[in-house]
Amino acid sequence: MTLLLLLLLLGPHARLEGRVPGAALPGLDSLIAQAVAESLPTEPLVQKALEGGAKGIPVPRLVNGVRHGLVQLRDARAIVSRATPARASLDGDVAAVAAALARGLDPGLIERLLSADSEPPGPVLHAAADLVAHRFPADSAAELLRTAQQQGLHGTRLLDVAVAASHELQREGGRTPTEALARVRAMLPNIPVATPPHPRTVTRRAGRGS
């Protein structure tokens, strides 16, 4: 192992030590070293390991989860290379695509969303994953987001589009996903800015659930 590689591994190792089982460290170090050697971002792997450690996931499952994360990073870079070759070396873009893959977005859909816009893909992929999680058809969700981009909504404003669609779906009287998407499309580009719930509301809800 080269000196440069050792230096690049010191930071992740120090962050994991004491926060994941000691028996997992050799396997995690090896996977992170592979990511470094392939010029892939390591932060998603570190975060996945830390989450597993915090949840008390058994060592074999924890290491396998990070190994799967490495595979997703490789797949993500291949997608970015095909869709936006000029951005293939950007860690943030590769990490955003890997996160979208982890949330179950179809690789072909991800590639179409990337090729339709030159901005960092994190927000549009996050918005698409949110819409799909709320049972909106993937292709229809992607079309709504592309229309929003064409009408000048970018970055976190695309997350507002996803929130608006979710709200329309939950309106009293009921709306089908198709009706909800059509309603939001008609509102473009005048989508309200989503506001987070008040901390007291969150606390109250958490208290009721406990």
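Remember, it's a predicted structure, so these values are computed and weren't measured experimentally.

Participant: Just to check I follow, could you spell out the overall build of the protein chain for this structure?
Facilitator: The number of helices and strands found in the protein chain is eleven helices and zero strands. The helix and strand sequence of the protein chain, counted from the amino end, reads α-α-α-α-α-α-α-α-α-α-α. When the 210 residues of the protein chain are sorted by exposure, 38% land in the buried category. Within the protein chain, contacts between residues at least 6 apart in sequence are counted, and of these 62% link residues at least 24 apart. Here the protein chain displays about 11400 Å² of accessible surface, and carbon together with sulfur accounts for 56% of that area.

Participant: Hey, could you run me through the nonpolar core in this one?
Facilitator: For soluble globular proteins, the rule of thumb is that nonpolar side chains tend to be buried together. If you look at the biggest cluster of nonpolar residues, it comprises 60 residues, and the most contacted ones within it are Leu16, Leu28, Val97, Ile110, Leu125 and Val161. Sorting elements by how many residues they give to this core places helix H4 (residues 59-83) first, with nine residues. Residues contacting Leu16, with those up to four places away along its chain left out, are Leu25, Leu28, Ile32, Val46, Ala49 and Leu50.

Participant: Explanation requested: the layout of surface pockets in the structure shown.
Facilitator: Its boundaries defined by the atoms lining it, the largest pocket holds a volume of some 310 Å³. Forming the walls of the largest pocket are 16 residues, and the residues nearest its centre are Pro44, Leu45, Lys48, Ala98 and Ala99. Contributing elements (two or more residues each) for the lining of the largest pocket: helix H3 (43-55), H4 and helix H5 (91-102). In terms of residue count, H3 provides more of the lining of the largest pocket than any other element does, six residues in total. Its residues placed into classes, the lining of the largest pocket shows eight nonpolar, four polar and four charged. In terms of lining, the second largest pocket is formed by Lys48, Glu51, Gly52, Lys55, Ile57, Arg61, Leu62, Gly65 and Val66. Across the lining of the second largest pocket, the residue classes tally to three nonpolar, two polar and four charged.

Participant: Teacher, can you tell me more about the pattern of salt bridges here?
Facilitator: Side-chain pairs of opposite charge can arise where the charged atoms are in close proximity. Scanning the entire structure with this criterion turns up ten salt bridges. Between Glu38 and Arg74 there is a salt bridge, with the nearest N and O atoms lying 2.7 Å from each other. You can see Glu38 sitting in the loop between helix H2 (25-37) and H3 and its partner Arg74 sitting in helix H4, a full 36 residues away along the chain. By relative accessible area, which is 26% here, Glu38 ends up partly exposed.

Participant: Before we go on, may I ask you to explain H4 in this structure?
Facilitator: For an α-helix, 3.6 residues make a turn, and residues three or four places apart therefore share a direction. Compared with an ideal rise of 1.5 Å per residue, which puts 25 residues at 36 Å, H4 spans 36 Å between its outermost C-alpha atoms and is within 8% of the ideal. All buried positions along H4 are accounted for by Leu62, Val63, Gly65, Val66, Gly69, Leu70, Gln72, Leu73, Ala76, Ile79, Val80 and Ala83. Residues of H4 that are buried make contact with H2, H3, H5 and helix H6 (107-115).

About the criteria used
Residues numbered from 1 in each chain as written. Predicted model: local features only at pLDDT ≥ 70, side-chain atom pairs only at ≥ 80, totals over all residues. Heavy atoms only, no water. Helix = DSSP H or I, 4+ residues; strand = E, 2+ residues; numbered from the N terminus. Buried < 20%, exposed > 50% of the residue type's maximum accessible area, 1.4 Å probe, protein only. Contact = heavy atoms within 4.5 Å. Areas by Shrake-Rupley, 256 points an atom, 1.4 Å probe, with all protein chains shown as cover. Core = buried A, V, L, I, M, F, W, Y, C linked by side-chain atoms within 4.5 Å. 1 Å grid on protein atoms, 1.4 Å probe; cavity = no way out; pocket = protein on both sides within 12 Å on 5 of 7 lines; lining within 4 Å. Points joined across faces, edges and corners; volume = space filled by probe spheres on them. Nonpolar A, V, L, I, M, F, W, Y, C, P; charged D, E, K, R; others polar. Salt bridge = Lys/Arg side-chain N within 4 Å of Asp/Glu carboxyl O. Expected span 1.5 Å × (residues − 1).

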